[in-house]
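# Structural overview for review
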Amino acid sequence: MFPLPLSLQYDFTRGSFTPFEHYSERRLSDLAELFHDQEAVRRALKRDDPLVYDWRAQPFQTPESDLTFGVTRIYPGQVGGEYFMTRGHFHLQRALPEIYFCLQGTGMLLLESEAGAFQAVTWTPGTVSHIPPHTAHRAVNTGDTILVFAAVYQQSAGHDYKTVAQRGFAQLVVAREGKPVLVANPRRGE
Ligand code: PAN
Ligand code: ZN
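This paragraph deals with the sheet that holds strand β9 (residues 107-113). Pairing in this open sheet of 3 strands is antiparallel, and the strands run β10-β9-β12 from one edge to the other. Edge strands, defined here as strands with exactly one partner in the open sheet, are β10 (118-123) and β12 (135-141). Averaged over all pairs of adjacent strands, the angle between strand axes in this sheet comes to 20°, irrespective of strand direction. By the bridge criterion, 6 bridges tie β9 to β10 in an arrangement that is antiparallel. Across the sheet, the residue bridging to Met108 is Thr122, located in β10.

As structure tokens, this is what we get:
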């Protein structure tokens, strides 16, 4: 028999599960350079350092596989009109895909290929999205409640955060009259 656990229990009210091997948090100060309006980031950080998102992960390790279940919770919030979002990454092993499953809240999934083909998918509870190989991915909370989504991926896929940190995504998700709109990322034009 493979090592336990073979199953875990998800709690729909809390948006969390047990048992889990990994837990991480990202605060605004950890993500500061991702947001377009750096002056707004500095002003916000003078007041406090809010939790932007946290996530849990449980790898199901066997001698031949490492399929992993994770759940991320993005808190509602904005900096300089830009919604709270995950850091976003390519997989180090570019050929490995992933499934994201929106459980709670409303948001957007940003996808971008290495060649710069960009797509944004609107999320409501129940939306399941495939992240194809060679595709950077970032989730954005566009609502005023917590956004919770599950992820299924191979642990060995790894994370390449550097590429996204350098160039961002082709479009930003910003609030205009209380609604999310996509605008071209000015950093790309620099
Ligand atoms: C997810 C993400 C998780 C946090 O498990 O790692 O949502 O987002 P960042 O890693 O971009 O900070 C995943 O996509 N794993 O591959
Ligand atoms: Zn991923």
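Next comes the rest of the account.
We now examine the pattern of salt bridges. Where side chains of opposite charge bring their charged atoms close, a pairing between them can arise. For the coordinates displayed, the defined rule picks out 9 salt bridges. Note that Arg14 is salt-bridged to Asp11, the shortest N-O span being 3.3 Å. With its nearest N and O atoms 2.9 Å apart, the salt bridge here joins Arg94 to Glu114. Of this pair, Arg94 sits in the loop between β7 (82-83) and β8 (98-104) while Glu114 sits in the loop between β9 and β10, and the two are 20 residues apart along the sequence. Relative accessible area serves as the criterion here: at 41%, Glu114 is assigned to the partly exposed category. One salt-bridge network, in which partners are shared between bridges, spans Arg94, Glu114 and Asp160.

Rules used in this analysis
- Residues numbered from 1 in each chain as written.
- Chains lettered and ligands numbered in written order.
- Predicted model: local features only at pLDDT ≥ 70, side-chain atom pairs only at ≥ 80, totals over all residues.
- Heavy atoms only, no water.
- Pairing = 2+ DSSP bridges.
- Helix = DSSP H or I, 4+ residues; strand = E, 2+ residues; numbered from the N terminus.
- Axes fitted to C-alpha atoms, helices over the stretch in contact; angles between N-to-C directions.
- Salt bridge = Lys/Arg side-chain N within 4 Å of Asp/Glu carboxyl O.
- Buried < 20%, exposed > 50% of the residue type's maximum accessible area, 1.4 Å probe, protein only.

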